[in-house]
Every structure is written in C-alpha cells, then in structure tokens.
Amino acid sequence: MSLNPPIFLKRSEENNSKCVETKQSQTTSIASEDPLKNLCLASQEVLQKAQQSGRSKCLKCGSSRMFYCYTCYVPVENVPIERIPLVKLPLKIDIIKHPNETDGKSTAIHAKLLAPEFVNIYTYPCIPEYEEKDHEVALVFPGPQSISIKDISFHLQKRIQNNIRGKNDDPDKPSFKRKRAEEHEFCDLNDSKYKGTTLKKIVFIDSTWNQTNKIITDERLQGLLQVELKTRKTCFWRHQKGKPDTFLSTIEAIYYFLVDYHTDILKEKYRGQYDNLLFFYSFMYQLIKNAKCSGDKETGKLIH
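Calculation rules
- Residues numbered from 1 in each chain as written.
- Predicted model: local features only at pLDDT ≥ 70, side-chain atom pairs only at ≥ 80, totals over all residues.
- Heavy atoms only, no water.
- UniProt positions renumbered as here; feature names shortened; annotations may be inferred.
- Axes fitted to C-alpha atoms, helices over the stretch in contact; angles between N-to-C directions.
- Helix = DSSP H or I, 4+ residues; strand = E, 2+ residues; numbered from the N terminus.
- Parallel < 35°, antiparallel > 145°, perpendicular 65-115°, else oblique.
- Left-handed = near helix turned anticlockwise from the far one by under 90°.
- Contact = heavy atoms within 4.5 Å.
- Nonpolar A, V, L, I, M, F, W, Y, C, P; charged D, E, K, R; others polar.
- Core = buried A, V, L, I, M, F, W, Y, C linked by side-chain atoms within 4.5 Å.
- Buried < 20%, exposed > 50% of the residue type's maximum accessible area, 1.4 Å probe, protein only.
- Domains from an automatic or database assignment.
- Polar contact = N/O pair within 3.5 Å; in protein donor to acceptor, adjacent residues only side chain to side chain.
- Pairing = 2+ DSSP bridges.

If you check an unreviewed UniProt entry, the protein appears there as tRNA-uridine aminocarboxypropyltransferase 1 from Callithrix jacchus. Listed in UniProt under the heading Subcellular location (unreviewed entry), the comment for the protein reads: "Nucleus".

(A) Molecular detail of the packing of helix α2 (residues 45-53) against helix α10 (residues 279-294). Where α2 contacts α10, the two axes come as close as 11 Å, and the packing angle between them is 50 degrees. Relative to α10, the element α2 lies oblique. In terms of crossing hand, the pair formed by α2 and α10 is right-handed. On the side of α2, the interface is formed by V46, L47, Q48 and Q51, while α10 contributes F279, F280, F283 and L287. For the contact of α2 with α10, the residue count by class is six nonpolar, two polar and no charged.

(B) Representation of the nonpolar core within the structure. In terms of nonpolar packing, the biggest core is built from 61 residues, with L89, I93, I152, F257 and L277 touching the most fellow members. Residue contributions to this core peak at nine residues, all from helix α9 (residues 250-264). Built from parts of two domains, this core gets at least three residues from each of domain 1 (40-79) and domain 2 (85-162 + 196-293). Non-local contacts of L277, meaning those with residues more than four positions away in its chain, are made with V87, L89, H110, L114, A115, I251, I254, Y255 and L258. Y124, I216, L221 and L224 belong to the second largest nonpolar core, which has 13 residues in total.

(C) A look at the side chain of H98. Counting through the fold element by element, H98 comes out in the loop between β5 (92-97) and α3 (108-114). A relative accessible area of 5% means that H98 is categorised as buried. At a separation of 3.0 Å, a polar atom in the side chain of H98 contacts the main-chain amide nitrogen of N100. Setting aside its immediate chain neighbours within four residues, H98 contacts D206, S207, Q211, K214 and I215.

(D) Layout of the pairing of strand β7 (residues 137-140). With burial as the criterion, each face of β7 is covered, one bearing V137 and L139 and the other bearing A138 and V140. Of the strand pairs in this sheet, β7 and strand β8 (residues 201-206) are connected by three bridges, and their pairing is parallel. Across the sheet, the residue bridging to A138 is I202, located in β8. As paired elements, β7 and strand β9 (residues 225-227) share three bridges and run parallel to each other. What sits directly across from A138, in β9, is L225.

Here you go:
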C-alpha cells in the first residue's frame with residue numbers, strides 16, 4: 001500500500017488541534033475512573049464501517065485481516081491510510097517482542113501503525129545494540145533497581161559523569177590530558193551543559209509476564225536504566241490469568257509512559273497529544289465490552 005505522507009500528516013494535525021481545543025479546561029484524560037472515557041481521539045467512523053463489512057485484504061501480503069495487517073503493519077483495504085491518525089512522539093520507541101507472542105493478539109502493532117516514524121518492533125533474540133548509548137536510552141520494566149519517570153534525566157546525567165570518570169582512569173592517556181579531564185570529573189549535574197541531556201529512546205518488552213524473564217535477563221539489556229510506571233489499571237480484554245489488574249498491555253504502557261513523560265520531564269500540561277495511540281485499542285475495547293453485554297459472540301470472534 002502506498003503512503004501519502006502530506007495527507008496523512010495534515011489529517012493528524014487537524015485532529016490534534018481539535019483535541020487541544022477540547023482539552024483546554026480538562027485535566028489529563030486518565031483522570032476518570034474509566035481511563036478510556038475522556039480520550040481525545042480522531043473519528044473512529046472508518047473502524048465502525050470496517051467492523052460492519054468484516055475482514056478485508058492486506059494490500060501488501062494479501063492476507064485477510066480485521067482493521068490492519070499485524071504482519072505488514074499497515075491498515076487493510078477497507079481502512080484507508082489517510083483516515084488513520086498519525087501521532088508525533090517526543091522520542092523513539094523500540095519494542096522487543098517475545099517470539100511466542102501471538103502477532104494477532106499483540107497491541108504493540110498499534111504503536112507501529114499510529115506512529116510509524118517513531119516505533120520499531122524487534123522479535124527476540126534480535127535486539128539493537130544499546131551499550132554505547134546507555135546514557136540516552138531507558139527500559140520500562142519494574143524491579144528493585146527501577147526508578148520513577150521524573151528521575152530519568154538525573155540518572156542519565158549521572159551516567160555521562162561516570163563515563164567521563166571511566167575515561168579518566170585510562171592509564172594509556174597522556175598525563176596532561178588526564179589532569180585536564182580530572183578538572184571536569186566532579187561536574188555539576190545542574191550545569192547548563194548537562195541539562196540538555198535528554199532521553200532519546202525508550203524500550204518496551206512485548207510479552208506475557210510469565211515469558212519476560214528470558215528477555216529482561218539478556219545481557220544486552222542489563223546496562224540500561226530501568227523505569228517503572230505509576231500504578232494504573234488495565235482495560236485489556238485478554239487479562240492474564242492470576243495476574244493483578246495493574247499489569248498493563250503494551251500499548252497501555254507506552255501511552256501512560258508518554259503522558260507521564262510529557263508532564264514530569266517536558267514539564268508541559270498534557271492535552272491529549274498521545275491519545276490517538278489508543279485509536280484501535282479503545283475501539284476494540286468498546287466493541288468487546290458491548291459484545292459481552294449483549295452476548296454477541298460473533299463480534300468477539302471477528303476481533304480475535
């Protein structure tokens with residue numbers, strides 16, 4: 001399927017401007033008991049029509065899919081690309097997907113569809129090299145060493161300082177260069193030249209919680225700063241048996257991280273800029289919720 005970036009972007013900007021207007025007097029869209037209730041979304045009419053007409057063909061691989069092709073990461077034939085919102089993100093996102101994670105059930109694809117220029121998906125054991133960039137990359141995953149989002153900048157700046165110290169310890173460096181470097185060893189992290197140090201990429205793991213251990217223990221991720229999200233309740237209809245309702249789906253985790261990043265790091269009021277990341281998710285959630293209430297099993301089958 002051929003993309004039309006100018007139309008695509010224009011559509012997105014129109015949707016976003018409308019969202020900002022409606023959010024002027026609102027707090028964040030997650031303030032409600034129902035976190036999907038007050039989202040500022042583009043029109044979902046195209047999804048409603050696609051749901052009524054049923055599965056459609058992927059113009060790339062020819063497979064029959066509902067709404068989008070989870071293999072090619074594109075909308076299907078009866079969902080025109082220009083009717084899908086384009087979300088601009090403040091940083092890049094890498095998603096490491098477990099090989100046993102079923103593509104058709106993964107919500108990570110939503111992020112790739114809606115923010116294609118900012119999101120990359122890798123299937124484990126394929127993981128990008130982060131070792132030389134650990135001062136500008138972080139991993140979202142809970143644990144004893146995890147920090148809160150508001151502390152990210154401080155810890156990344158500390159890593160730069162530690163890297164400087166490590167270079168100063170090089171015995172092969174000429175003494176006059178070591179002396180000069182030592183003058184900067186105890187740099188002030190509040191100094192203006194360090195304040196520009198920002199997070200450039202965030203990594204998420206797309207997997208059931210029971211399968212995450214294989215990925216999170218991979219040595220290529222061990223050096224990354226780990227970040228833990230604030231506690232939120234999931235709306236995911238495929239809730240993992242025996243797990244608390246605070247275990248989020250991948251797209252929920254991405255969305256909530258960006259909302260908190262916007263307010264805690266960028267220090268800007270959130271006005272729905274990333275709500276369209278839940279464009280597919282919120283529609284499916286409502287569709288399945290309505291189907292359960294009415295006992296409509298066919299709708300559930302279509303989504304699955």
